[in-house]
Amino acid sequence: MAEAGTAETHGAHAHDAHHEQGFWSKYIFSTDHKMIAMQYMFTGIVMALIGGYMSYAFRMQLAFPGQSVPGYGLVSQGEYNALVTNHGTIMIFWVAMPMLIAAFGNYLIPLMIGADDMVFPRINRLSYQIFLVSALVLIGSLFVPGGGFGGAWTAYPPLSSSAEYSLTPLGSTLWLVAVALEFVAFLLGGINFITTLMNARAPGMKMYDIPMVLWMIVVASVLFMASVGPLIAGAVMLFMDQVVGTGYFDPGRGGDPILWQHLFWFFGHPEVYVVFLPAIGIVAEIICTFSRKKLFNYKLILYTVFATAIISFFVWAHHQFVAGIDPRMANVFTITTLIISIPIAEMIFLYIATLYGGSIRLTTPMLWALAFIAEFMIGGITGIFLGASGSDIYFHDTYFVLAHFHYTFFPIAIIGFLAGITYWFPKMFGRMMNETLGKIHFWGTIAAFNSIFIPLFILGTAGQHRRIYNYQNFPDLADMQGLRVFATTALLVMLAFQAVFLFNFFYSMFKGKPAGKNPWKANTLEWTTTSPPPHGNWAELPNCYRGPYEYSVPGREEDYWPQDVPPDTAPAE
Amino acid sequence: MSTTRPIATTRSATGIPTGKLAVWWVIGSEIVIFGGLLASYVMHRLGHPEWAEYASHTNTWFGATNTFVLLTSSLFAVLAHHAAEQGDGKKAAKWLLGTCAGGLVFICVKAVEWTGEIQHGYTITANGFWHFYYTAAGLHGLHVIAGCIIMLIIANDARKGKELHRVELIGIYWHFVDIIWIFLFPLLYIAK
């Protein structure tokens, strides 16, 4: 297993004398939150590579239709559908969720609140094990007779509910089982996160002393928990339709296919914020550290988080404007959808205010954090076209939608992860990553990413529909092939640049410059222990004396003031 | 691998014990699951007046018996908690076994009831009402079975005087399972 192999050598210098453990109990069945975070992270990276490979295969088919794809072979129509579907499913449920919430949540929550572990370490381990099984089931579903599920990641019935239509009797059921297992894993993990943050904080850490990223991860966990229930119920119904032969979603038998859309999007839209919040929380930590400034109006940012979380429950039907819902309902959802951009915009303004007048250091994590804000803005602004029901009727199901949500999910899942990993890598592995390689990777990825999706916006406005196997069959669209080839070429460039990251990641893990406790001179508690932290995190658990963002406090010699330093040792107030 | 608890587990910044806090969050997530299912059912039911005719084939007496059985078992759970608070693990274990027996009776009544209905042709695939009838009650039944299994484990510990605080936690969960049934009973049996 990849995760075990890489983690093993890292453990050699993190050796802890009174916690001598065997290979299995240390790397595979560990209850240590840091090891579980690593397991989630490496599983997420492997799944990201699989998802990226899928996008390579179907983008090649779109750019060079009917030709054999190097490293894959001919992409048949059925395979094309399965690739598109599983690319989406993997990137959201097996990459964004585990890397942002589970990996960073597990790693950071106990370290940032000054605790020795999560409150339920064994439930934490169980959560990862269920997650791993779900990932294996999903990968397995691609190789069963009939092939993987091809009904899109939204799995609209009746296509998904009947093998007669989907032609993937086993694939669609296994897909559904995998997604349901993944939900169970994150419910267990989420409950652990919430109770840990609520109960296990270091003495002295009050509500407003909690680092913003933890608030965001925990609000995201609550949001996930409150929204996923109806979809679990829906998944049970869909499973019954597929396997037992009920007709919940079959209009011919008194069922209602639109019901699934409501259940799915009641979860599906808050889910965007479930992964968005941890990513923007990571960005908050990074911009404070690298602009040496206090987070601008901590409480107001927190209120925008709560507002976003609450409003996200009232926007779901904007995905269904063309599904035959009542136009009056479409008006209501247009208004709520436009309203949700207000707290998000407010949050971005507060971040920019944090940067204003700071002594900004453009390190690799800072570049990723700034890129997150810039790229996500493009995703947010194009979302307004889609949230307004009038323009959505034209844009619905075109590449404009596709480019829009890639401008939200790519910043979230990939840029957010890379910002976090480059920032906390020294803590995780005790060594610094290479800055030059980091910057090469950054500029290569960002330039290529925009080159992929800006052409897709143009194709979308020209009316190019999604989920089409070969555009050569559409005379109106065939002559725009140049843009498709351009986007695919940019994808190849972006995938190639990820090799730089992987090299930097593994090389730095063993050969990087030793990092010491606090290489970024940051305030939060995780930087007060050794890198990597030992089993139990601290020899003596720290106390907390102040908020996490006391940078450049006037009258202090140093421009940072760690949370665990007692006030009386401060030189002057 | 040590089985000692981390210090984190023993901390309580909110003043609520960690285990109890977690049980409430579990119940929160369960409410949303059942909420989604029952809301779907209610929407369908309102849109299909003819379902009242199908619902008339359910046997209210079976449902009422089970309501009585579950409420009684919840009383036993309260008595178990009372005994546990006084430190009497043996007595708590006995009451928990009583609660468990209630769960078992509930499942047996269900089995008899469903057998009759299936023999009359009212299977899960019959029509929309019976889809929901079996799915909702079945999902609830799984919670009853899971609750019984956990209760047996806790009763076994309580008998030896260990982990007595867990008696209250399983009690909270059991009341929740009870309340779900309080919603299912009128929706599936009484509304005709």
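Residues numbered from 1 in each chain as written. Chains lettered and ligands numbered in written order. Predicted model: local features only at pLDDT ≥ 70, side-chain atom pairs only at ≥ 80, totals over all residues.

J.: I would appreciate a short explanation of the overall build of chain B in the present structure.
T.: Each helix and strand counted, chain B has seven helices and zero strands in total. Along chain B, helices (α) and strands (β) appear in the sequence α-α-α-α-α-α-α when read from the amino end. Reported as C-alpha extents along the three principal axes, the dimensions of chain B are approximately 55 × 30 × 30 Å. Looking at chain B residue by residue over its 192 residues, the buried ones come to 40%. Partitioning the contacts of chain B with sequence separation of at least 6, the portion at a separation of at least 24 is 80%. (Helix = DSSP H or I, 4+ residues; strand = E, 2+ residues; numbered from the N terminus. Buried ≥ 20, exposed ≤ 12 C-beta atoms within 10 Å, placed from the backbone. Contact = placed C-beta atoms within 7 Å.)

J.: How should I be thinking about the packing of helix α15 (residues 435-461) of chain A against helix α17 (residues 481-511) of chain A in this particular structure?
T.: Helix-helix packing is characterised by the crossing angle of the two axes and by the distance between the axes. All names here are of chain A. Relative to each other, α15 and α17 sit at 160°, their axes nearing to 8 Å. Taken together, the axes of α15 and α17 lie roughly antiparallel to each other. Taken as a pair, α15 and α17 cross one another with a handedness that is left-handed. (Axes fitted to C-alpha atoms, helices over the stretch in contact; angles between N-to-C directions. Parallel < 35°, antiparallel > 145°, perpendicular 65-115°, else oblique. Left-handed = near helix turned anticlockwise from the far one by under 90°.)

J.: Looking at this structure, I do not really get the interface of chain B and chain A. What am I missing?
T.: It is common to report an interface's size as the accessible area lost on association of the parts. Across the boundary between the two partners, chain B contributes 30 residues, which contact 40 residues of chain A. Only α1 (7-10), α2 (18-47) and α6 (128-159) of chain B provide two or more residues apiece to the side of chain B that touches chain A. The element contributing the most residues to the side of chain B that touches chain A is α2(B), with 13 residues. Partitioned by chemical class, the residues of the side of chain B that touches chain A number 14 nonpolar, 15 polar and one charged. (Nonpolar A, V, L, I, M, F, W, Y, C, P; charged D, E, K, R; others polar.)

J.: Sorry, what's going on with the confidence of the model for chain A here?
T.: Detailed reading of the predicted model is not advised wherever pLDDT is low. Here chain A averages 92 in pLDDT, while 95% of its residues score no lower than 70. When pLDDT is averaged over each element of chain A, α15(A) comes out on top at 97 and helix α1 (residues 2-13) of chain A at the bottom at 36. (pLDDT = per-residue confidence, 0-100.)

J.: Explanation requested: the nonpolar core in the structure shown.
T.: Soluble globular proteins: nonpolar side chains tend toward being buried together. With 229 residues, the main nonpolar core has A:A96, A:L214, A:V283, A:A413 and B:L96 as its most contacted residues. Residues contacting A:A96, with those up to four places away along its chain left out, are A:M91, A:V275, A:F409, A:I412 and A:A413. (Core = buried A, V, L, I, M, F, W, Y, C linked by C-beta atoms within 7 Å.)

J.: For this particular structure, what's the right way to read helix α5 (residues 89-119) of chain B?
T.: Note on helix geometry: an α-helix contains 3.6 residues per turn, so any two residues three or four positions apart are oriented the same way. Residues and elements named next belong to chain B. A rise of 1.5 Å per residue sets the reference length of α5, with its 31 residues, at 45 Å; its end C-alpha atoms lie 45 Å apart and thus fit the reference within 8%. When we look at burial in α5, the residues that qualify are G89, A92, A93, W95, L96, T99, C100, G102, G103 and F106. Residues of α5 that are buried in the fold lie against α4 (60-85), α6 and α7 (165-190). Residue G121 follows α5 closely and has a positive phi angle near 90°. (Expected span 1.5 Å × (residues − 1).)

J.: When you look at helix α14 (residues 399-429) of chain A in this model, what are you seeing that I'm missing?
T.: Its axis deflected by about 45° at A:Y423, α14(A) carries its strongest bend there, up to four residues before the proline A:P426. Counting buried positions along α14(A) yields 29 of 31 residues, so the element is predominantly enclosed. (Bend = angle between axes of the 7 residues up to and from the residue.)

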